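Below, each chain spelled out in residue letters.
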Amino acid sequence: MTQEQITKLKGIVRNIPDFPVPGVQFKDLTTLFKDAECLRLLEQGLVDLYQGKGITKVIGIESRGFIGGSMLAARLGAGFVPVRKPGKLPAETIQKSYAKEYGTDTIEIHKDAITPDDVVIIHDDLLATGGTMLAAYELVKSMNPKKVYINFICGLTFLNGRDVLPQDVEVTTLFDF
Ligand code: AMP
């Protein structure tokens, strides 16, 4: 993407102060998704990062990671795999719990979703503290894929989420705040 395109996308993201709790500046990406030109730019931006890397599966994290993740999978000719909150996936799953600011959270993935032949991207809309992505990465790694990439549409650099993710994994964002 060009600098001009990045500036355009960042300008269209809507900031919602104090959502869902006081003190959080929530970056609402639905304003990008609803704009046809932005959606096309996002899709192409993601595809350009991963074309030619032999990706076989894109893993999207519930729920906002389903949007970019499925677009990217279809364009790369890869499959799509959801990571979901507990109790949503119908077949046998493996789970991972992780600490949040208040309490803990759990995510899960179908046990047969990934094989050792897979080259995967784990995708979410936004990198904040990185806790959710780290849990998803550990779930995916336990299934021994050949290679794992991590991608977000957007990163909040002041929260230093990159530091909690494994340093030997390539992590990309389309733009950062
Ligand atoms: P984290 O585990 O802190 O990296 O964030 C987990 C999820 O919460 C991400 O998948 C984001 O979708 C969402 N999220 C956290 N903080 C924000 C924020 N400031 N604006 C928008 N989404 C957020």
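Everything numeric in this text was worked out from a predicted model, so none of it was measured. (Residues numbered from 1 in each chain as written. Predicted model: local features only at pLDDT ≥ 70, side-chain atom pairs only at ≥ 80, totals over all residues. Heavy atoms only, no water.)

A. Spotlight on the sheet that holds strand E9 (residues 171-176). With respect to topology, five strands assemble into an open sheet ordered E4-E3-E7-E8-E9, the strand pairing being parallel. On the outer flanks of this sheet lie strand E4 (79-83) and E9, each paired with one strand and no other. Taken over all neighbouring pairs, the strand axes of this sheet differ in orientation by 20° on average, direction set aside. As paired strands, strand E8 (residues 147-155) and E9 are joined by five bridges and run parallel to one another. Bridge assignment links Asn151 to a residue of E9, and that residue is Thr172. (Pairing = 2+ DSSP bridges. Helix = DSSP H or I, 4+ residues; strand = E, 2+ residues; numbered from the N terminus. Axes fitted to C-alpha atoms, helices over the stretch in contact; angles between N-to-C directions.)

B. Spatial organisation of the packing of aromatic side chains. Tallying each qualifying case throughout the model produces four aromatic pairs. Ring centres 5.2 Å apart and planes at 85° place the aromatic pair Phe19 and Phe26 in the edge-to-face group. Its relative accessible area of 19% is what places Phe26 among the buried residues. Note on Tyr50 and Tyr149: the rings are 5.7 Å apart at their centroids and 70° apart in plane angle, and the pair reads as edge-to-face. Taken together, the residues span a long stretch of sequence, with Tyr50 in helix H3 (residues 36-50) and Tyr149 in strand E8 at a distance of 99 residues. Tyr149 carries the same exposure label as Tyr50, and that label is buried. Cation over ring: Lys147 sits above Tyr149, and NZ or CZ is 5.0 Å from the ring centre. (Phe/Tyr/Trp six-rings, centres within 6.5 Å; stacked < 30°, edge-to-face > 60°. Buried < 20%, exposed > 50% of the residue type's maximum accessible area, 1.4 Å probe, protein only. Lys NZ or Arg CZ within 6 Å of the ring centre and 35° of its normal.)

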